[in-house]
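# Breakdown of the fold
Letter by letter, the chains look like this.
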Amino acid sequence: MKDAYYDLYLTPLSPIHLGTGDEYEPTNYIIDDHILYEFDSIQAMRVLSPKSNQDLEKITKSNATQDTLKRIQNFFYQNKDRIKSVAHRHVKVNDSVQQFYESRIGKVVQHESGGKDVLAKLGINRAAYGKISQQNYIPGSGIKGAIRTALLDKENDGDKHDRNTLRERNANQKLQKIIFKGAFDTDPLRLVSISDSQAVSQDILSEVVFEINKKKNPVKNKQGELVASSADKGSLNAMLETIAPFQSRIFKNGLHIKSMDSNAKVPEIQFNATDIAEACNRFYLPVLKKEITMLKNRGFVDNKWEEQIKKVLESNAIKNNQSFLLRVGRHSGAESMTLNGIRNIKIMQGRNEKPKFQDQTTTIWLANDHQKNERDLIPFGWMLVDVSAINTSVDELYELDIPDANREWFANLKEKKIEIQASVNKEREKEMLAEKQKQQALQELLKKEILEKQKISAMSPLEKKVHDIESNDTQNNPAIALKAAIESGTWESETEISEVAKRIKELLDERGDWIPDFNGTNKQKVKKKNRCLEILALIKS
């Protein structure tokens, strides 16, 4: 038997979050125009104005306190128009997420005892992404893990097993070995390899949603009021980046099923691509249908989403196992990760109460566009997989209605990028012109200073003394200062006094105060006339 190779085409059917532990930090992203812009702080500094860079330097060089982080968050938000031009990642956000961000960025949300302030938590759990491409992807390990669960359930076929076995240490590994009749080199999944996904399109839409927890069945207190789940009561408005649903065949993964050498240890159970598709639909389809029924009964379901899912579930591709369902990532739900017959889910009770163990969960995590919305909720993690070799014509299996809002968002993003870059270029041109003019003014000032120094060095001692008195005058009237210097006896030589008097005459003439021939009665002008006559007398002496 030869190795078999297949292409798996993935279509998200609901918001999918496979995390890496990374977060979008509020000091490295801003939200504006319903877009999350992730940026590198070093790149941001290159497009900031000189004054803004100086302001940032003052903040970062100050003593590090809780206030420092608040000031940095505020600084980047206030300079968002510049920073958006160097963003290397763009994620869709809705009105509610944007409003939540704007109400909390750089703000204190809690005051602890001792006067310590607590900043709003605005970290957003990030979906798996390529470090170079910055695009989201679906790790092959996540797909293989979901397939493994379905194959285990198929082979187990509802067997409840010995309860003592289920209580043993490492019971999970031991149980898998029993079901698959082998482990390590004889484990059937050793022959199955799945690569990480490649993007089929450059436009992969991810969006930020709130994660909320709801009870599957309504529970009321003594007053007849609905009781929220414990997780919902303690909700911190956690936000997730998710791959948006209904992006048809947006990812492609490689499936490789290896053949075995006759001399090698061969797993007793082996699976082909058709086995995988059948097992996944057998396991996941009832879970999805049950989930949709529950959401409808509780009034949570997003009707538009349900219509799309119905189209998929009624397709011949699913009925004939040409395509199959999977559930992957965060909030997939315990029912999607445990086996029928031996499912034993731990259900936490109230404080000081022992947990219960049941075959189904009592709450469900849902993706929500709004913080407290009770309608139009969508479960996490559902995905449709088309297998190339099983499908003779993948494109004809079904057609999903990709939301127009997705197309509009990408079109808007492209326009925004152009507008932002044009605006920043215009502002930087102004700054460069202002800097050029500033440098030219400095050069002119420097030239004047050089000429002034040359002029002073060529002056006689008398001229230098006159220049000093004029330069040090604080009353903005050097003529009066020179006259006072004459009266105080600064010069004794009549020749020098006459030369200084001539200079005083020039200064008074420049001010329009040289009026020795005035014949009126205005007291102020008469005073100026008398001053002029005194200066004339000094000149003639």
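Residues numbered from 1 in each chain as written. Predicted model: local features only at pLDDT ≥ 70, side-chain atom pairs only at ≥ 80, totals over all residues. Heavy atoms only, no water.

## Re the overall build of the protein
Looking only at helices and strands, the protein has 17 helices and 19 strands in total. Within the protein, buried positions represent 43% of all 541 residues. Put simply, 77% of the contacts in the protein that link residues at least 6 apart link residues at least 24 apart. Carbon together with sulfur atoms contributes 47% to the accessible area of the protein, which is approximately 30,300 Å² in total. (Helix = DSSP H or I, 4+ residues; strand = E, 2+ residues; numbered from the N terminus. Buried < 20%, exposed > 50% of the residue type's maximum accessible area, 1.4 Å probe, protein only. Contact = heavy atoms within 4.5 Å. Areas by Shrake-Rupley, 256 points an atom, 1.4 Å probe, with all protein chains shown as cover.)

## Quick notes on the confidence of the model for the protein
Scored by pLDDT, the protein comes out at a mean of 85, with 89% of its residues at no less than 70. Within the protein, the lowest mean pLDDT, 50, falls on strand 7 (residues 117–119), and the highest, 96, falls on strand 14 (residues 323–327). Predicted confidence for residues 391–397 stays below pLDDT 50, and this span has 13 contacts to residues more than four positions away or in other chains. (pLDDT = per-residue confidence, 0-100.)

## As for the packing of aromatic side chains
Scanning the entire structure with this criterion turns up nine aromatic pairs. Linked through ring pairs, Y29, Y77 and Y101 together constitute an aromatic cluster. If you follow R126 out to its NZ or CZ, it ends over the ring of Y129, 3.5 Å from the centre. (Phe/Tyr/Trp six-rings, centres within 6.5 Å; stacked < 30°, edge-to-face > 60°. Lys NZ or Arg CZ within 6 Å of the ring centre and 35° of its normal.)

## Looking at the environment of A317
Here A317 is to be found in helix 12 (residues 316–319). Relative accessible area serves as the criterion here: at 1%, A317 is assigned to the buried category.

## Here's the deal with the packing of helix 2 (residues 50–61) against helix 3 (residues 66–78)
Each pair of packed helices can be described by the angle between their axes along with the distance between the axes. Here helix 2 crosses helix 3 at 165°, and the two axes come no closer than 10 Å. With respect to helix 3, the element helix 2 is oriented roughly antiparallel. Handedness of the crossing formed by helix 2 with helix 3: left-handed. The segment helix 2 lies against helix 3, with S52, D55, L56, I59 and T60 engaging T68, R71, I72, F75 and F76. When its residues are assigned to classes, the contact of helix 2 with helix 3 shows five nonpolar, three polar and two charged. (Axes fitted to C-alpha atoms, helices over the stretch in contact; angles between N-to-C directions. Parallel < 35°, antiparallel > 145°, perpendicular 65-115°, else oblique. Left-handed = near helix turned anticlockwise from the far one by under 90°. Nonpolar A, V, L, I, M, F, W, Y, C, P; charged D, E, K, R; others polar.)

## Focus on the side chain of T242
You can see T242 is positioned in strand 12 (residues 239–243). By relative accessible area, T242 is classed as buried at 0%. Those residues in contact with T242, other than ones at most four positions away along the chain, are P15, I16, H17, L205, S206, E207, V209 and F380.

## Section: the packing of helix 16 (residues 494–511) against helix 17 (residues 523–540)
Between helix 16 and helix 17, the least distance of the axes is 8 Å, while the angle of their chain directions is 145°. Where helix 16 crosses over helix 17, the two elements pack in a sense that is left-handed. In contact with I497, S498, A501, K502, I504, K505 and L508 of helix 16, helix 17 contributes R531, I535, L538 and I539. By residue class, the composition of the contact of helix 16 with helix 17 is seven nonpolar, one polar and three charged.

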